[in-house]
Amino acid sequence: MFSIIQAAGWPIWPLLLCSVVALALIIERLSSLRTSRIVPARLLDDVLAVSAQQLPTPDMVGKLAQNSVLGEVLASGLRAVAEEPQLPEAKLKQVFEFAGRRAVHQLERYMNTLGTIATAAPLLGLLGTVVGMIEIFGSQTPGGGNPAQLAHGISIALYNTAFGLMIAIPSLMFHRYFRGRIEEYVLELEAGADRLMGQLKRFTA
């Protein structure tokens, strides 16, 4: 591996940094975007059952907010109604919308960075290719070529191109996968907020 890095030249170092960052982001997103941390299976039904007759206590709402992203959204509506019992429906809707935007921002954390790496890695590989081509042309002299410099230029061009694609392809695939998961979660968050808001209307004006 070290010999490959040596043969690839200095353009490989930005690509190595991108690979480390991309791997760290993918692991972090796989952990953070688990269903149990976003929309637990029975959470919405439990909240609807508890709040069917009366609002839950502040302690219960606090634990709900710490449970998951869906719990944070539902807890925001419960807190708003508890603080202002005759809260207008339009204002309650705004509370849920603001909580939803905050939740989406949390879900999309690091996604721009991962997308940037997926886009930039092939360009960094192309930069390595250009540097390798310069080495190749530099090896060609009127009196004859320099075989060692020619081989080094070819190594730089090929290794960097291949490494750039090896980083970009998985990064792009995971970026698209995470985007799809986030869209599904957003729909579930919206549906959960709508169901709870319909139930909380009895406590509002």
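The structure presented is a predicted model; accordingly, all values stated were derived computationally and were not measured.

Engineer: Can you lay out the overall build of the protein chain for me, pointing to particular residues and giving the numbers?
Structural biologist: The secondary structure content of the protein chain amounts to 9 helices and 2 strands. Tracing the protein chain from N to C terminus, the helices and strands come up as α-α-α-α-α-α-α-α-β-β-α. Of all 205 residues assigned to the protein chain, the portion counted as buried reaches 40%. Sequence-distant contacts, at least 24 apart, represent 78% of the contacts inside the protein chain between residues at least 6 apart. Per element, the accessible surface of the protein chain, about 11,800 Å² overall, is 64% carbon and sulfur.

Engineer: So, a nonpolar patch on the surface: which residues are in play, and what are the values?
Structural biologist: A contiguous nonpolar patch, built from Leu123, Leu126, Val130 and Ile134 and spanning about 390 Å² of accessible area, is present on the exposed surface. By the element assignment, Leu126 lies in helix H8 (residues 111–139).

Engineer: Can you explain the pattern of salt bridges? Please cite residues and give values.
Structural biologist: Any two side chains of opposite charge can pair, on the condition that their charged atoms come close. This model, assessed by the stated rule, comprises 7 salt bridges. We note a salt bridge from Arg195 to Asp45, for which the minimum N-O separation is 3.9 Å. A residue pair is termed long-range when its members are at least 10 positions apart, and Arg195 in helix H9 (residues 147–200) and Asp45 in helix H4 (residues 43–50) qualify at 150 residues. Across the pair Arg179 and Glu108 runs a salt bridge whose closest N-O atoms are separated by 3.1 Å. Placement of the pair is Arg179 in helix H9 and Glu108 in the loop between helix H7 (89–107) and H8, with a sequence separation of 71 residues.

Engineer: Could you give an account of the side chain of Ser76, naming the residues involved and the relevant values?
Structural biologist: With respect to the element layout, Ser76 can be found in helix H6 (residues 69–83). The residues contacting Ser76, other than those within four sequence positions of it, are Val95, Phe96 and Ala99.

Engineer: Describe the side chain of Ser68, listing the residues and the values that go with them.
Structural biologist: With respect to the element layout, Ser68 can be found in the loop between helix H5 (58–67) and H6. Look at Ser68 and you get buried, because its relative accessible area is 5%. Leaving out residues up to four positions away in the same chain, Ser68 has contacts with Ser36, Arg37, Ile38, Pro40 and Leu43.

Engineer: Give me H6: which residues, what numbers.
Structural biologist: The end-to-end C-alpha distance of H6, which contains 15 residues, comes to 21 Å, matching closely the 21 Å that a straight helix rising 1.5 Å per residue would cover. For H6, the full list of buried residues reads Val69, Leu70, Gly71, Val73, Leu74, Ala75, Ser76, Gly77, Leu78, Ala80 and Val81. Capping the start of H6 is the job of one residue whose side-chain oxygen sits 3.2 Å from the backbone nitrogen of Gly71: Ser68.

Engineer: For H4, give the residues involved together with the corresponding values.
Structural biologist: Those residues of H4 that sit buried are Leu43, Leu44, Val47 and Leu48. What you see down the axis of H4 is that its buried residues fit within an arc of 130°, all on one side.

Engineer: I'd like a rundown of the packing of H5 against H6, residues and numbers included.
Structural biologist: Interaxial distance between H5 and H6 falls to 6 Å at its minimum, and their mutual angle equals 150°. Judged on the interaxial angle alone, H6 and H5 are roughly antiparallel. The way H5 lies across H6 gives a crossing that is left-handed. Seen from H5, the contacting residues are Val61, Gly62, Leu64 and Ala65; seen from H6, they are Gly71, Glu72, Leu74, Ala75, Leu78 and Arg79.

Parameters at a glance
- Residues numbered from 1 in each chain as written.
- Predicted model: local features only at pLDDT ≥ 70, side-chain atom pairs only at ≥ 80, totals over all residues.
- Heavy atoms only, no water.
- Helix = DSSP H or I, 4+ residues; strand = E, 2+ residues; numbered from the N terminus.
- Buried < 20%, exposed > 50% of the residue type's maximum accessible area, 1.4 Å probe, protein only.
- Contact = heavy atoms within 4.5 Å.
- Areas by Shrake-Rupley, 256 points an atom, 1.4 Å probe, with all protein chains shown as cover.
- Patch = residues over 30% accessible without salt bridge, like charges linked within 9 Å, V, L, I, M, F, W, Y side chains within 5 Å.
- Salt bridge = Lys/Arg side-chain N within 4 Å of Asp/Glu carboxyl O.
- Expected span 1.5 Å × (residues − 1).
- Polar contact = N/O pair within 3.5 Å; in protein donor to acceptor, adjacent residues only side chain to side chain.
- Arc of directions from axis to C-beta.
- Axes fitted to C-alpha atoms, helices over the stretch in contact; angles between N-to-C directions.
- Parallel < 35°, antiparallel > 145°, perpendicular 65-115°, else oblique.
- Left-handed = near helix turned anticlockwise from the far one by under 90°.

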